[in-house]
Structures are given as structure tokens and as C-alpha cells.
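Commentary on secondary and tertiary structure
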Amino acid sequence: MKYKINIKSLLFLLYILSSTLMFSQNSTKFKVVLDAGHGGKDPGTMRGNIKEKDIALAVVLKIGKILEQNKDITVIYTRKTDVFVELRERANIANKAKANLFISVHCNGVKSTAAKGTETFVMGMSRTDTNLDISKKENGVIFLEENYNEKYKGFDPNNPATLLGLKILQEEFLNQSIELASDIENNFVSKNNRYSRGVKQQPIWVLDATVMPGVLIELGFVSHPEEGSYISSEVGKEEMSSSISNAIITYKNKFYNTVSEVETQTQTSSDNSSTLDNNSNTTESNNSNSNKVYYKVQICALSKKVATKSSNFKGLKPISFEKEKKIYKYFYGKETDYDTCKIKLEEAKKKGFTTAYIVKFTN
């Protein structure tokens, strides 16, 4: 059967990201949204008394408990009890929170009792039959929701044409998602002695609709006798939550280890810059030419380099950037007067860069 690309659905998918393509990462707290798959009337995969929804929730709560011990991390849950949460709402929770990371936890299950292993998914274009079956299973919860035809208009979990829009939407964050997924799978193998089926790319709606790096983790197969017992046991849940938490913290330290930034001492340095204290005295700019202070508006941070032409930044100019590790930080303007830079900040926010903030540089 041949599929035609639904132009309206593609435009809708593009619209989801259009206002957040230059999404600025949170400058004070690293926000993680933890999503326990299924819930309520949707038990997910089952074998005997083992239910996917119960395992996913237990592991998510344990991950959250570990992460909440870090004062630089804010944890947000899509559910903390056995309730049914629509896929659309799960994505809305993450997007409204302007989260830095989205983690969805699930379990696998097939008719065969031989299949086993962990696997972690990111958005992608894979066409392998096995992976598409998993994609359909996780997307299949859509059909349990009321008015699903209207809510997910244009998104057909069984339609390969849908992949085009999904790939465009997640391109910005794919590399970071893959890196996190790899760390999670490596931890499962090295720390928990698990068999890993690897990192895979699939069109999964909840990953598509969240405009930040994200992964969907399959903890293992409840249909495999030994693995099912392990992932439903208290020991298994503790070990897996520890491995996932460790990978999240590693990810944060790698990409966001300068959340509390420090002042740079050279104009050409790209490793250190600091958020301006609102009480800073602008007379610092009059000290000397060798210690001149100037201000820029940081409007976004991206995982890849983008041309600094104004059309890429909603008409703002001049645009400059600095590379910090694997992140490109983009700035609007360059002022020696803080009050003038505040005007630039308001201009940026009116253009849609609502999380923009002022950064102080010392030359």
C-alpha cells in the first residue's frame, strides 16, 4: 500500500518546533521530565501479574529520588500514580516546563519467550520490521484516547510518510539524544550485567512532540521468564534506576556543567561566560580598556552550528556565537551599557526568545 505525504500534517509538525527551534536551555536549573509509560486503563505489556505500567512507574520514582538529591536538578513527573495520561499531555508537560531533557521509561514484551535485552530509542528513520513493531506498540496508546483522530491529525503510527516530519523536528537534538542513549545502554551492560540490544532510532510520537533531547528506554522483556522476574524485582528496579540516573547526571555535566557560569577574561574565549547579576554596577565598563565590560543577550544554545544571518534568528542582528564544548551559544547585540542591553533583551523576548538573558563579558 502506498502512502502520500499529508502536507497539512507536515506543516502541523513543523509548527510544533517553529517557535522553539532556537530554544534556549534553562540558565539556572537543569530540568528533567520523567515519564512513566502507560498507566491507569492502559497497563502496557503484561505477563501474569507483571504489568509494564507498574514497573515503569516504580523505576521513574526511584530515578527521581536520586536526581532530586542534586540541588542543580529539577525533576518533573508526567505521572506519580497509577493514572492514564495522554501522550499529548506528556509532551505538553515537558514543553511547558521548558525542560532540558525528556526520559520515557517502558518495558518490552513479545509472544516469544526467547527475546530479551534492554534498548533505548531516539527519534529516527529506521525501517527494520522489529523496530517498527515497537514503534507501533508505543504509539498505539493513541487509539485509547478520546477524539484521537482530531488530537493527532496527520500522525499515523503505521504510515512511513510521517517519518519525514518527525526527522525534521528532532534534527536539532538527535546527537545529544543518541549520546545519552548510549550512556544508558553502556551502564546497563557494565553496571547491571544486562544484555543490550543497543540504541535505535524510531518515529515515536512522544519523542517527536517534545522539543528537547529525549529518549525512550525499554528496560527489558516481561515476556522473558528470567528478565521479567529481574525487571519486576526490587533489586532490578534499584539497579536500573541507578544506571539511568548516572547517565542523566553524566549528560548534565557534559552539556550543562556551566549552568552557574563564571565571567570570561578574554573576548575570544568560548569556555566561560556568566549570567549578569541584576545588581551589577555598569561603571565597571569605565575601568580601563584592558578590563572593559560589555553585555550581550544570549538567545539560545544549540547542538550544531547555524549561520548567524538575521533570517535564522527572526530578524535579529547582529548575531554572534561562542562554542562551549559541544554547545553553540548564540548572542544578540553587544553593548557597553547595561540599560541599553536590557532594551535588546526585551526586543529578543518579543521576537519569541522568551528564555533569553543578559551575559556579561570582560575583555
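Residues numbered from 1 in each chain as written. Predicted model: local features only at pLDDT ≥ 70, side-chain atom pairs only at ≥ 80, totals over all residues. Heavy atoms only, no water.

Side note on the packing of aromatic side chains
Each aromatic ring pair is described using two quantities: the centre-to-centre distance and the angle formed by the ring planes. Just so we agree on the cut-off: Between the rings of Phe, Tyr and Trp (Trp by its six-membered ring), a pair exists once the centres lie within 6.5 Å; its type follows the angle of the planes, with under 30 degrees stacked, over 60 edge-to-face, and the other angles tilted. Numbering of helices and strands starts at the N terminus; helices are DSSP runs of H or I of at least 4 residues and strands are runs of E of at least 2. Only protein chains enter the area calculation, which uses a 1.4 Å probe; residues under 20% of their type maximum are buried, those over 50% are exposed, and those in between are partly exposed. A ring has a charge above it when a Lys NZ or an Arg CZ is no more than 6 Å from the ring centre and no more than 35 degrees off the ring normal.
Overall, the coordinates contain 7 aromatic pairs when judged by the stated rule. Taking the centre distance of 6.3 Å and the plane angle of 50 degrees together, the rings of phenylalanine 30 and tyrosine 251 count as tilted. Note that phenylalanine 30 is positioned in strand β1 (residues 30-36) and tyrosine 251 in helix α10 (residues 234-255), a separation of 221 residues in sequence. Of the residues examined, phenylalanine 30 reaches a relative accessible area of 1% and is grouped as buried. Judged by relative accessible area, tyrosine 251 falls into the buried class, the value being 2%. Members of the aromatic cluster, each reached through a chain of ring pairs, are Phe313, Phe321, Tyr328 and Tyr330. The ring centre of phenylalanine 84 lies 4.7 Å from the NZ or CZ of lysine 41, which sits over that ring.

Quick notes on α10
How we decide: One fewer than the residue count of a helix, multiplied by 1.5 Å, yields its expected span.
In this model α10 runs 32 Å from its N-terminal to its C-terminal C-alpha over 22 residues, within 8% of the 32 Å that 1.5 Å per residue would give. For α10, the full list of buried residues reads Gly236, Lys237, Met240, Ser241, Ser243, Ile244, Ser245, Ala247, Ile248, Tyr251, Lys252 and Phe255.

Details of the packing of helix α7 (residues 174-192) against α10
The following threshold applies: Axes, fitted as lines to C-alpha atoms, cover a helix only where it is in contact. Angles between the N-to-C directions of the axes lie from 0 to 180 degrees. For classification, angles of less than 35 degrees are called roughly parallel, those exceeding 145 degrees roughly antiparallel, those between 65 and 115 degrees roughly perpendicular, and all remaining angles oblique. If you view the pair so one helix is near and one far, a crossing is left-handed when the near helix is turned anticlockwise from the far one by less than a right angle, and right-handed when it is turned clockwise. When checking whether two residues touch, look at their non-hydrogen atoms; a contact exists if any pair is within 4.5 Å.
As a packed pair, α7 and α10 sit with axes 9 Å apart at the nearest point and diverge in direction by 140 degrees. Taken as axis vectors, α7 and α10 run oblique relative to one another. Here the hand of the crossing between α7 and α10 comes out right-handed. Taking contact as the criterion, the partners of Gln176, Glu179, Leu180, Asp183, Ile184, Asn187, Phe188, Lys191 and Asn192 in α7 are, on α10, Glu239, Met240, Ser243, Ile244, Asn246, Ala247, Ile248, Thr250, Tyr251, Lys254 and Phe255.

Describing the nonpolar core
As a rule of thumb, soluble globular proteins bury nonpolar side chains together. What counts, and what does not: Within this scheme, the nonpolar core is defined by two criteria: the residues are buried Ala, Val, Leu, Ile, Met, Phe, Trp, Tyr or Cys, and they are joined through side-chain atoms within 4.5 Å.
Counting residues in each nonpolar core, the largest one holds 40 residues, and the members touching the most others are Val32, Ile103, Leu219, Ile244 and Ile248. Residue assignment for this core shows that the elements contributing at least two residues are β1, α2 (52-67), β4 (73-77), β5 (101-108), α7, β8 (214-221), α9 (225-232) and α10. Looking at this core, the element that brings in the most residues is α2, giving 7 residues. Contact partners of isoleucine 244, with chain neighbours within four places excluded, come to Val59, Ile63, Ile184, Phe188, Ile217 and Leu219.

Quick notes on the sheet that holds β1
Inclusion rule: When DSSP finds two or more bridges between a pair of strands, those strands are recorded as paired.
Taken together, the 6 strands give an open sheet; going across it, the order is β4-β1-β5-β8-β6-β7, and neighbouring strands pair in mixed fashion. Looking at which strands have only one partner, the edges of the open sheet turn out to be β4 and β7 (196-201). Strand-to-strand twist across the sheet, computed as the mean angle between neighbouring axes with direction ignored, equals 20 degrees. Pairing analysis gives 3 bridges linking strand β6 (residues 118-122) to β8, with the strands arranged antiparallel. Of the residues in β8, the one forming a bridge with phenylalanine 121 is leucine 216. Along the sheet face, α10 touches β1, β4, β5 and β8 and points at about 150 degrees away from the line of β1.

Section: the environment of alanine 36
With respect to the element layout, alanine 36 can be found in strand β1. Using a relative accessible area of 0% as the deciding quantity, one classes alanine 36 as buried. On a C-alpha basis, the gap between alanine 36 and leucine 61 in space is 8.6 Å, while along the polypeptide they are 25 residues apart. Those residues in contact with alanine 36 that lie beyond four places of it in its chain are Ala56, Leu57, Val60, Thr78, Arg79, Arg90 and Val105.

A closer look at the pairing of strand β10 (residues 293-302)
The element β10 is extensively covered by neighbouring structure, given that 10 of its 10 residues are classed as buried. Relative to strand β12 (residues 327-335), β10 runs antiparallel, the two sharing 6 bridges. Directly across from leucine 302, in β12, lies its bridge partner tyrosine 328.

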